[in-house]
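# Secondary and tertiary structure notes
So the chains spell out like this:
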Amino acid sequence: MTDTAIIEIALRTMMVALKLSAPILITSLVIGFTVSLFQSMTQIQEFTLAFVPKLVGVGLALLFCGNWMLHTLVTFSIDLFESLPSLLQ
């Protein structure tokens, strides 16, 4: 296994991790920004007001994107295991 193969695998792994985490992180970021904007406009400083909408939003993001995320991860794993014999030579 050459160093370029290891770097390629690491790059592909990081890209898949970025793709898989993007829907959850973007949803949490948008909801957090919206709630903090609402809190600053109304002067309400309640901690649970930020937590509960994020929890619901992340749950909905997983519900809508979960199938795609699982398909992406399975495809990556299958491709990695299929290319493993050629990488070990």
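Report on the accompanying structure. Numbering of residues starts from 1 in each chain and follows the order in which that chain's sequence is written. Thresholds applied to this predicted model are a pLDDT of at least 70 for local features of residues and 80 or more for the giving and counting of side-chain atom pairs; totals over whole chains, interfaces and linings are not thresholded and use all residues. Values shown for side chains rest on all heavy atoms present in the structure; no hydrogens or waters enter the calculation.

## As for the overall build of the chain
- Helix numbers and strand numbers start at the N terminus; a helix is a DSSP run of H or I with at least 4 residues, a strand a run of E with at least 2. When helices and strands are tallied, the chain shows two helices and zero strands.
- A compact globule built from 89 residues should have a C-alpha radius of gyration of about 12 Å, whereas the chain, at 19 Å, is more than 25% larger.
- Dimensions of the chain, computed from C-alpha atoms along their principal axes, come out at roughly 65 × 25 × 15 Å.
- Classification of the 89 residues of the chain by burial places 16% in the buried group.
- A fraction of 68% describes how many contacts in the chain between residues 6 or more apart in sequence connect residues 24 or more apart.
- Of the accessible surface of the chain, which amounts to about 6,800 Å², a share of 76% is contributed by carbon and sulfur atoms. The reference for a compact globule is 2.2 Å times residues^0.38; the radius of gyration itself is calculated from the C-alpha atoms. Think of it in three bands: residues with accessible area under 20% of the maximum for their type are buried, residues over 50% are exposed, and the middle band is partly exposed, with areas taken using a 1.4 Å probe on protein chains only. Here, two residues are considered to be in contact whenever any of their heavy atoms come within 4.5 Å of each other. Only the protein chains shown count as cover for residues, and the accessible areas themselves come from Shrake-Rupley with a 1.4 Å probe.

## Focus on the packing of helix H1 (residues 3-42) against helix H2 (residues 48-87)
- As a rule, the C-alpha atoms of each element are fitted with a line to give its axis, helices using only the stretch in contact, and angles between N-to-C directions run from 0 to 180 degrees. Between H1 and H2, the least distance of the axes is 10 Å, while the angle of their chain directions is 175°. Overall, the two elements H1 and H2 adopt an arrangement that is roughly antiparallel.
- Classification convention: Asp, Glu, Lys, Arg as charged; Ala, Val, Leu, Ile, Met, Phe, Trp, Tyr, Cys, Pro as nonpolar; all other residues, Gly among them, as polar. A per-class count over the contact of H1 with H2 returns 22 nonpolar, seven polar and four charged. Roughly parallel means an angle under 35 degrees; roughly antiparallel means over 145; roughly perpendicular covers 65 to 115; every other angle is labelled oblique.

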